[in-house]
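The primary structure of each chain is shown beneath.
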Amino acid sequence: GAVVSQHPSWVICKSGTSVKIECRSLDFQATTMFWYRQFPKQSLMLMATSNEGSKATYEQGVEKDKFLINHASLTLSTLTVTSAHPEDSSFYICSAGGLAGRSSYNEQFFGPGTRLTVL
Amino acid sequence: AQTVTQSQPEMSVQEAETVTLSCTYDTSESDYYLFWYKQPPSRQMILVIRQEAYKQQNATENRFSVNFQKAAKSFSLKISDSQLGDAAMYFCAYRVRSNYQLIWGAGTKLIIKP
């Protein structure tokens, strides 16, 4: 199967600082990566879709200047929460889809998630 | 607009028994995929089963099977011989073939009683 890693798995930061979360596809190349936010006991909320080498597409209501997404290669996408505030505390999940050269894989593969706590 | 509805916020079942989780969706597309994902307490999303809309045969994966009713836009998940490890949040999801973006249901929390 396809493996996606996220780092860090959890992070605590002070209000006003920036936090970077990395999402890597370990054994495949992904043309598309997705970033989700999940509140407790709720479903996944899509924040943005990123395609390698191009700007991310943000969902309505998601501040692109606050949640910076970079998809520099087919195996790495990063989410940077800039000037984090307590309301940004949440569980962030990345996933990869569109496996390059593997048209038979029609699902997204998920990272284990990152728990962000902003004090 | 494409939507996915899970009308059961929580379900409980006795260990070793069978439980069915409901999912309905709304779309005008004809070529799409449907998925059931499991999210245990670890919060790692795990694919349980997938169904391609053009296939009439219901997908099965060991103890997990679906009842796919395309005309009714219904996609229920049946878990047979429930095990304690099946306890988790279950999410139904949909996507069109041409786009990897998933549309998610609200989820159903499954409780297994020993």
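Look up a bit, the structure's there.
Note that the structure is predicted; figures quoted are calculated from it, not measured.

Draft legend 1. Highlighting the interface of chain A and chain B. Taken residue by residue, the interface counts 23 residues in chain A and 18 residues in chain B. If you look at where chain A meets chain B, you find zero salt bridges. One can count six residue pairs in polar contact (both at pLDDT 80 or more) joining chain A with chain B. Considering each element in turn, the side of chain A that touches chain B owes the most residues, five residues, to strand β9 (residues 90-99) of chain A. In the side of chain A that touches chain B, the residues fall into eleven nonpolar, nine polar and three charged.

Draft legend 2. Broad picture of the state of the cysteines. Taken as a whole and assessed by the stated rule, the structure comprises two disulfides over all chains. One disulfide bridge connects cysteine 23 of chain A with cysteine 94 of chain A, the sulfur atoms lying 2.0 Å from each other. Disulfide cysteine 23 of chain A-cysteine 94 of chain A: torsion about the S-S bond near 80 degrees, hence right-handed. Taken together, the positions of cysteine 23 of chain A in strand β3 (residues 19-25) and cysteine 94 of chain A in strand β9 put the pair 71 residues apart, joining distant regions of the chain. Look at cysteine 23 of chain A and you get buried, because its relative accessible area is 0%. Each sulfur in the disulfide pair cysteine 23 of chain B and cysteine 92 of chain B lies 2.0 Å from the other. Here the S-S torsion is close to -70 degrees, and the disulfide linking cysteine 23 of chain B with cysteine 92 of chain B is therefore left-handed.

Reading the values: rules and limits
Residues numbered from 1 in each chain as written. Chains lettered and ligands numbered in written order. Predicted model: local features only at pLDDT ≥ 70, side-chain atom pairs only at ≥ 80, totals over all residues. Heavy atoms only, no water. Contact = heavy atoms within 4.5 Å. Salt bridge = Lys/Arg side-chain N within 4 Å of Asp/Glu carboxyl O. Polar contact = N/O pair within 3.5 Å; in protein donor to acceptor, adjacent residues only side chain to side chain. Helix = DSSP H or I, 4+ residues; strand = E, 2+ residues; numbered from the N terminus. Nonpolar A, V, L, I, M, F, W, Y, C, P; charged D, E, K, R; others polar. Disulfide = S-S within 2.5 Å. Buried < 20%, exposed > 50% of the residue type's maximum accessible area, 1.4 Å probe, protein only.

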